Amino acid sequence: MVICQSRRISVLSEILLRRRRLRSFLLNSFSQRAMEQDKPWALISEVGGDCGLLEDHLDIVKRHFQVVCYQDFLQNPELHGPQVQALLMWRYYPEAQPALLRMLPSLKVVSSGGTGVDHLDVSFINGLGVKVSNTPGVVSRATADLAMGLLLASARRILEGHLVARDPETRRIPLNLVGTDVSGATLGIVGMGDTGFNIAQRGHGFEMDVLYHNRNRRSLEDEQAVGATFCQNLDELLRRSDFVVLAVRLTSETTGLIGSRELELMKPTATLVNISRGQVVDQDALVQALRSGTIRAAALDVTHPEPLPRDHPLFSLPNVLITPHVGANTPSTGGRMVEMMVESAVAAIRGLPVPNEVKPN
């Protein structure tokens with residue numbers, strides 16, 4: 001009898017314990033669902049694909065937002081439109097066009113990944129009572145790495161060497177595959193913000209003589225840190241440099257900054273590297289300069305438009321190296337960009353000061 005009573009008590013205790021666990025599970029699940037429903041809504045382009053967030057990036061967004069993808073939004077804009085408070089732009093998508101913005105009456109912020117905001121009409125967006133933010137600084141190191149990669153690849157003809165090495169017809173190493181020196185050469189940087197400064201650091205590491213042109217001169221401490229010399233005049237930098245790297249933002253002042261006249265000022269042995277925006281360079285003038293030998297070569301991570309038409313003359317020139325605007329494309333850089341986008345969006349929705357808010361020029 002004692003044993004049976006003990007077993008009965010044990011069974012009852014187990015039943016009670018299971019009920020408590022089930023109740024706790026249900027309460028937690030209900031609480032989690034309630035918390036999810038309390039999160040504001042964000043509109044994104046897509047997950048994966050050419051213009052979408054990576055799964056890891058999506059996890060960062062979902063910590064703070066409920067998410068609707070652009071195509072799903074278009075299926076039912078009447079339902080989703082009034083809910084969306086943040087537009088998170090990744091690789092310029094979804095595009096912040098007036099037609100879309102007018103379908104988002106609760107929108108508080110357009111948070112764009114990257115430094116440039118030339119794809120945004122900031123004045124128009126602000127006129128709707130919507131904040132704008134970007135992610136400056138975070139892309140600087142990765143973009144500077146690519147700038148040096150393009151410079152080195154062009155100078156040492158790395159792509160051409162790769163094609164020769166893998167060509168089944170290659171029987172001997174061609175003696176005419178000769179590059180140009182980087183160490184000891186003069187590097188001219190146009191635009192000395194965060195990215196330009198990071199490029200200068202890398203050039204200094206290659207024992208290059210660093211010149212720079214900028215609207216505002218950097219501090220003496222900054223100049224000494226990278227061995228940089230300020231050029232008040234852009235023409236002087238172009239005349240003296242073996243490699244000219246463009247690291248400016250696209251504005252009305254920098255659109256067409258490098259045209260026929262500027263290319264004529266450069267050395268015939270010089271290389272132009274552009275990691276800023278395609279519109280900074282007059283591409284027709286660049287094609288002519290490369291064909292005529294006005295400059296030695298060009299290495300471009302940006303063009304206009306992107307991508308270029310498949311029959312564009314730049315593709316036919318052997319002294320041109322082009323990559324598809326991948327300066328910031330590293331996992332850690334992308335993750336940090338999304339974190340900054342989310343941080344700014346959350347602040348805007350809560351009515352707090354917005355980190356990295358962009359104001360009209």
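Residues numbered from 1 in each chain as written. Predicted model: local features only at pLDDT ≥ 70, side-chain atom pairs only at ≥ 80, totals over all residues. Heavy atoms only, no water.

On record in UniProt, under Sequence similarities (unreviewed entry), the comment for the protein chain is "Belongs to the D-isomer specific 2-hydroxyacid dehydrogenase family." (UniProt positions renumbered as here; feature names shortened; annotations may be inferred.)

Student: How do you make sense of the pattern of salt bridges when you look at a structure like this?
Tutor: Two side chains of opposite charge can pair, provided their charged atoms sit close to one another. Per the stated rule, a full pass over the model turns up 12 salt bridges. Put simply, Lys267 and Asp242 hold a salt bridge, and the shortest N to O gap is 2.9 Å. Of this pair, Lys267 sits in the loop between helix 12 (260-265) and strand 10 (271-274) while Asp242 sits in the loop between helix 11 (234-240) and strand 9 (243-246), placing them 25 residues apart in sequence. By relative accessible area, Lys267 is classed as partly exposed at 26%. The exposure class assigned to Asp242 is buried, which follows from its relative accessible area of 18%. In this structure, Arg336 engages Glu339 in a salt bridge whose closest nitrogen and oxygen atoms are separated by 3.3 Å. You can see Arg336 and its partner Glu339 sitting in helix 14 (residues 331-349), 3 residues apart, about one turn around the helix. (Salt bridge = Lys/Arg side-chain N within 4 Å of Asp/Glu carboxyl O. Helix = DSSP H or I, 4+ residues; strand = E, 2+ residues; numbered from the N terminus. Buried < 20%, exposed > 50% of the residue type's maximum accessible area, 1.4 Å probe, protein only.)

Student: I tried to follow the UniProt feature "domain: D-isomer specific 2-hydroxyacid dehydrogenase catalytic" (unreviewed entry) in the protein chain on my own but got confused; where do I start?
Tutor: According to UniProt, the "domain: D-isomer specific 2-hydroxyacid dehydrogenase catalytic" (unreviewed entry) feature falls on residues 56-359. Structurally, residues 56-359 comprises 37% helix and 15% strand, and the distance from its first C-alpha atom to its last is 30 Å.

Student: What should I look at first to understand the packing of helix 2 (residues 55-62) against helix 14 in this one?
Tutor: Each pair of packed helices can be summarised by the angle the axes make with each other and by the distance between the axes. Where helix 2 contacts helix 14, the axes come no closer than 9 Å and their chain directions differ by 20°. By the angle between their directions, the pair helix 2 and helix 14 is classed as roughly parallel. As helix 2 packs across helix 14, the resulting crossing turns out to be right-handed. Along the contact surface, helix 2 presents His57, Ile60 and Val61, while helix 14 presents Pro331, Gly334, Gly335, Val338, Glu339 and Val342. Residues of the contact of helix 2 with helix 14, tallied by class, amount to 5 nonpolar, 3 polar and 1 charged. (Axes fitted to C-alpha atoms, helices over the stretch in contact; angles between N-to-C directions. Parallel < 35°, antiparallel > 145°, perpendicular 65-115°, else oblique. Left-handed = near helix turned anticlockwise from the far one by under 90°. Contact = heavy atoms within 4.5 Å. Nonpolar A, V, L, I, M, F, W, Y, C, P; charged D, E, K, R; others polar.)

Student: Please explain the sheet that holds strand 2 (residues 66-69) as it appears in this structure.
Tutor: Whenever strands of a sheet pair, they do so through backbone hydrogen bonds, lying parallel or antiparallel. The strand order 2-1-3-4-5 describes an open sheet built from 5 strands, whose pairing is parallel. A single partner strand is all that each edge strand has here, and the edge strands are strand 2 and strand 5 (131-133). Averaged over all adjacent pairs, the angle separating strand axes in this sheet is 25°, with direction ignored. In terms of strand pairing, strand 1 (residues 41-44) meets strand 3 (residues 84-89) through 3 bridges, oriented parallel. Looking across to strand 3, one finds that Ala42 is bridged to Ala86. (Pairing = 2+ DSSP bridges.)

Student: Would you mind showing me how to read unusual backbone geometry here?
Tutor: Of all residues except glycine, most have a negative phi; of all peptide bonds, most are trans. In this model, Tyr93 is joined to Pro94 through a cis peptide bond whose omega is -10°. Tracing the chain through its elements places Pro94 in the loop between strand 3 and helix 5 (98-101). Between His304 and the following residue, Pro305, the backbone shows a cis peptide bond with an omega angle of 0°. Tracing the backbone shows Pro305 in the loop between strand 11 (297-300) and strand 12 (320-322). Residues other than glycine seldom take positive phi values, yet Arg91 does so here, at roughly 55°. Considering the arrangement of structural elements, one finds Arg91 in the loop between strand 3 and helix 5. Although it is not a glycine, Tyr92 sits at a positive phi angle of roughly 75°. For Tyr92, the location among the structural elements is in the loop between strand 3 and helix 5.

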